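Inside the fold
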Amino acid sequence: MEGIISVGKILNFHGILGVAKVGYSNADVISNLKKVLIKKDGKEETFTVENVKFHKNFALVKFKEINSIDELLPYKGLNIYIEKKEAQESLGEDEFLIQDLIGLNAFDNKDDLIGIISDVKTSSGNDLLCIKPVDETKGEILIPFAKELVPIVDIKKKKVVIKPIEGLL
C-alpha cells in the first residue's frame, strides 16, 4: 500500500441508493475524486466516484458500482484511499499532505533543533505534531499544528519552525 493515502472514511450510508457518508480532512481532495481504492479483507477494490456533495461536516459520495444500502454496508468503517501523487496534484503551492510532515526536523525560532516529527494526531479537528525530542530524557512533545505556533513549514528543506511557548517546549 506504499504510494496510496487515506483521504476519508465511510462512516455510514445516506438514503437508500448506497450513497456513502464520508468523514474527510481535505474538501478539495474529496471534491476532485475520480477513482478510489477501498481495502477490504486484504484486497484492494477500485471504485469510480459518480459524484460528491457536501452535507453538514460530511461528504456524500456516490460510487458507480454501489447502488443500494446492502451493497454499501460491507464497506462501512473502511478507509478510502487514492494514489499519493493524485492527492499532491490537487494541492496548491503552499499546501502539503499532513503525512509529509512526519520525519521533518522541528526547530525553534533561534534555529536550534528541538526534535523530529514522529507522528501527526488528529483530534476533534485539531492536528497535533508529535515531536521526538533530541534530548531523549524528555518525553514526546505535542504541539498544536496552527500557523501561530508553527509559522514555517518547508517540506523541501525537511524543516518546520515552532514558535516557543512557555510550557510547551
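Our structure's up above, just so we're on the same page.
The sections below set out a description of the structure shown in this document. Treat the numbers as computed from the prediction; the structure is a model and nothing was measured. (Residues numbered from 1 in each chain as written. Predicted model: local features only at pLDDT ≥ 70, side-chain atom pairs only at ≥ 80, totals over all residues. Heavy atoms only, no water.)

**So, the packing of aromatic side chains**
- Inspection of the entire model under this criterion finds three aromatic pairs.
- Between Phe47 and Phe63, the ring centres sit 5.6 Å apart and the planes meet at 50°, which makes this aromatic pair tilted. Highlighted residues: Phe47 in strand S4 (residues 43-55) and Phe63 in strand S5 (residues 58-63), separated in sequence by 16 residues.
- Since its relative accessible area comes to 4%, Phe47 is described here as buried.
- You can call Phe63 buried: its relative accessible area is 0%.
- Measuring from ring centre to ring centre gives 5.2 Å for Phe47 and Tyr75, while their planes differ by 80°; the resulting arrangement is edge-to-face. Highlighted residues: Phe47 in strand S4 and Tyr75 in the loop between helix H2 (69-72) and strand S6 (79-83), separated in sequence by 28 residues. When sorted by exposure, Phe47 lands in the same class as Tyr75, which is buried.
- Through pairs of rings, three or more aromatic residues link up here, namely Phe47, Phe63 and Tyr75.
- For Lys21, the ring lying beneath its charged end belongs to Phe58, and the centroid distance is 4.4 Å. (Phe/Tyr/Trp six-rings, centres within 6.5 Å; stacked < 30°, edge-to-face > 60°. Helix = DSSP H or I, 4+ residues; strand = E, 2+ residues; numbered from the N terminus. Buried < 20%, exposed > 50% of the residue type's maximum accessible area, 1.4 Å probe, protein only. Lys NZ or Arg CZ within 6 Å of the ring centre and 35° of its normal.)

**Here's the deal with the environment of Glu65**
- Mapped onto the fold, Glu65 is located in the loop between S5 and H2.
- In this structure Glu65 comes out as partly exposed when scored by relative accessible area, which is 38%.
- A C-alpha to C-alpha distance of 9.4 Å links Glu65 and Gly18, two positions 47 residues apart in sequence.
- Ignoring sequence-local partners within four residues, the contact set of Glu65 consists of Thr46, Phe47, Thr48 and Glu71. (Contact = heavy atoms within 4.5 Å.)

**Focus: the sheet that holds strand S1 (residues 4-14)**
- The strand order around the closed barrel formed by six strands is S1-S2-S5-S4-S3-S6, and the pairing between neighbours is antiparallel. If you compare each strand with its neighbour and ignore which way they point, the axes differ by 50° on average.
- Summarising the sheet, strand S3 (residues 35-40) and S4 pair through six bridges and their orientation is antiparallel. What sits directly across from Val36, in S4, is Phe47. (Pairing = 2+ DSSP bridges. Axes fitted to C-alpha atoms, helices over the stretch in contact; angles between N-to-C directions.)

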